[in-house]
Amino acid sequence: MRLNQVLDVIDKLLRGCAHPEIEAVERFGTDGAPGGPSPAGVRIRYVNGALAYLWGAIWPQETDLPAPDRLPPPLGNRPDRAAVLVVLLLDAARPPEFRSWQLVALPDLGPTGQRGKVPRGLRIVGADGTSLLLRATAAGGPDRDPADEPYPDWTVPADLGARLG
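Just so we're clear, the structure is a prediction, and the values are computed from it rather than from any experiment. Numbers given for residues are sequential positions, taken from 1 along each chain in its written order. Local features are withheld for residues below a pLDDT of 70 in this predicted model, meaning they are given only at 70 or higher, and side-chain atom pairs are given and counted only at 80 or more; totals for whole chains, interfaces and linings count all residues. Note that the side-chain values use all heavy atoms of the structure and ignore hydrogens as well as water.

Peer 1: Help me out: how do you make sense of the overall build of the protein chain in this one?
Peer 2: A count of helical and extended segments in the protein chain gives three helices and seven strands. Counted from the first residue to the last, the protein chain has its helices and strands arranged as α-β-β-β-β-α-β-β-β-α. Rg of the C-alpha trace for the protein chain: 15 Å, near the compact-globule value of 15 Å for 165 residues, within the 12% margin. With respect to the three principal axes, the spread of C-alpha positions in the protein chain is 40 × 40 × 30 Å. Note on areas: Shrake-Rupley, 1.4 Å probe, and residue coverage restricted to the protein chains presented here. Element-wise, carbon and sulfur atoms account for 49% of the exposed surface of the protein chain, whose accessible area totals about 8,000 Å². Charge separation in the protein chain, taken as the distance between the mean sites of 18 positive and 20 negative side-chain charges, equals 3 Å. The helix and strand labels rest on DSSP assignments: H or I over at least four residues marks a helix, E over at least two residues marks a strand, and numbering proceeds from the N terminus. In this setup the radius of gyration rests on C-alpha atoms only. A globule is expected at 2.2 Å times the number of residues raised to 0.38. In this count, Lys and Arg are taken as positive residues and Asp and Glu as negative ones, while His and the chain termini are left out. Here the site of a charge means NZ on Lys, CZ on Arg, CG on Asp, or CD on Glu.

Peer 1: What should I look at first to understand the nonpolar core in this one?
Peer 2: In this description, a nonpolar core means a group of buried Ala, Val, Leu, Ile, Met, Phe, Trp, Tyr and Cys residues linked to one another through side-chain atoms lying within 4.5 Å. The classification of residues rests on relative accessible area computed with a 1.4 Å probe and restricted to protein chains. Under 20% of the type maximum is buried, over 50% is exposed, and intermediate values are partly exposed. Counting 42 residues, the largest nonpolar core has Ile10, Leu14 and Phe98 as the members making the most contacts within it. Put simply, the parts of the chain that give this core at least two residues each are helix H1 (3–16), strand S1 (22–28), strand S2 (41–46), strand S3 (51–57), helix H2 (78–93), strand S5 (98–105), strand S6 (119–126) and strand S7 (131–139). Once residues within four sequence positions are removed from consideration, Leu14 is found in contact with Ile22, Val25, Val42, Ile44, Leu85, Val86 and Leu89. Within the second largest apolar cluster, nine residues are counted, among which are Phe28, Ala57, Val104 and Leu133. By the convention used here, residues are in contact when the closest approach between their heavy atoms is within 4.5 Å.

Peer 1: Hey, could you run me through the layout of surface pockets in this one?
Peer 2: Using a probe with the size of a water molecule, rolled over the atoms, empty space left in the structure can be pinpointed. Reported here for the largest pocket is a volume of approximately 280 Å³. As for the largest pocket, its lining consists of 13 residues, of which Asp69, Arg70, Leu71, Pro152 and Trp154 are closest to the centre. Both site types are read off a 1 Å grid over the protein atoms alone. A 1.4 Å probe that fits but cannot get out defines a cavity, while an open set with protein on both sides within 12 Å along at least five of seven lines defines a pocket; lining residues have an atom within 4 Å of a point. Grid points are joined across faces, edges and corners, and a volume is the space filled by probe spheres set on the points.

Peer 1: Help me understand the side chain of Arg120 in this model?
Peer 2: Mapped onto the elements of the fold, Arg120 is located in strand S6. Judged by relative accessible area, which is 11%, Arg120 ranks as buried. Contacts described as polar in this section are N or O atom pairs within 3.5 Å, which, within protein, must combine one atom able to donate a hydrogen with one able to accept it, while residues neighboring in sequence count only if both atoms come from side chains. Only 2.5 Å separates the side chain of Arg120 from the side chain of Asp80, close enough to count as a polar contact. Other than its neighbours up to four places away in sequence, Arg120 contacts Gly76, Pro79, Asp80, Val104, Ala105, Leu106, Leu109, Gly110, Pro111, Leu134, Arg135 and Ala136.

Peer 1: Which parts of the structure should I look at to understand the side chain of His19?
Peer 2: Take His19: it is sitting in the loop between H1 and S1. Among all residues touching His19, those that are not within four sequence positions of it are Leu71, Arg81, Leu85, Tyr151 and Trp154.

Peer 1: Looking at this model, I keep getting lost on H1. Mind explaining?
Peer 2: Between its first and last C-alpha, H1 extends 20 Å over 14 residues, near the 20 Å set by a 1.5 Å rise per residue. Taken residue by residue, H1 has Leu3, Val6, Leu7, Val9, Ile10, Asp11, Leu13, Leu14 and Gly16 as its buried positions. Note on H1: the residue one or two positions beyond its end, Ala18, has a positive phi of about 55 degrees. What a helix should span is 1.5 Å times the count of its residues minus one.

Peer 1: In this structure, what is going on with the packing of aromatic side chains? I would like to understand it.
Peer 2: To describe a pair of aromatic rings, one takes the distance between the centres and the angle between the planes. Any Phe, Tyr or Trp ring, taking Trp's six-membered ring, that has another such ring centre within 6.5 Å forms a pair; planes under 30 degrees apart are called stacked, those over 60 apart edge-to-face, and the others tilted. This structure, assessed with the given rule, holds one aromatic pair. Here Phe28 and Tyr53 contribute two aromatic rings whose centre-to-centre distance is 5.6 Å and whose plane-to-plane angle is 85 degrees, an arrangement assigned as edge-to-face. In this pair, Phe28 is assigned in strand S1 and Tyr53 in strand S3, connecting sequence segments 25 residues apart. Charges are assigned to positions over rings by a cutoff of 6 Å between ring centre and Lys NZ or Arg CZ, combined with an angular limit of 35 degrees from the ring normal. Taking NZ or CZ as reference, Arg78 lies 3.9 Å from the ring centre of Tyr46, over its face.

Function-wise, these values are silent; they only describe arrangement.
Structural data, given as structure tokens:
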């Protein structure tokens, strides 16, 4: 499975999830494989102007993390929030293009005291056995992120898998 195919599925999930915090989902980069000079990925633009990115990366090591039941609050957690959201969407949609997916921590990434312990990526294994890492990064917007969950009543749509078609 190629990076662009993985990003196609992630893009559809993010667009189809109808999360009220997401203003736009956009693609960026031109690399067909992780590790090049123009990393390909998906950019999430939030209603407060903040951005999160999931992009093809190569990292020396990763630690599997359990997927939480809910999103971490936005303040200080934008990369984690994006990675967790995608895992929750994958768990609900179970796209046939993927054999498995895993939330991962990456060494030297995360807030001081939590480096290598917070979700900063996803390991995706395609149906063909190909494994790709998507790294999560973020940029703040003009408005401050809320410290608490701004959309506590939002849930993953029950028909998300059908929306992928």
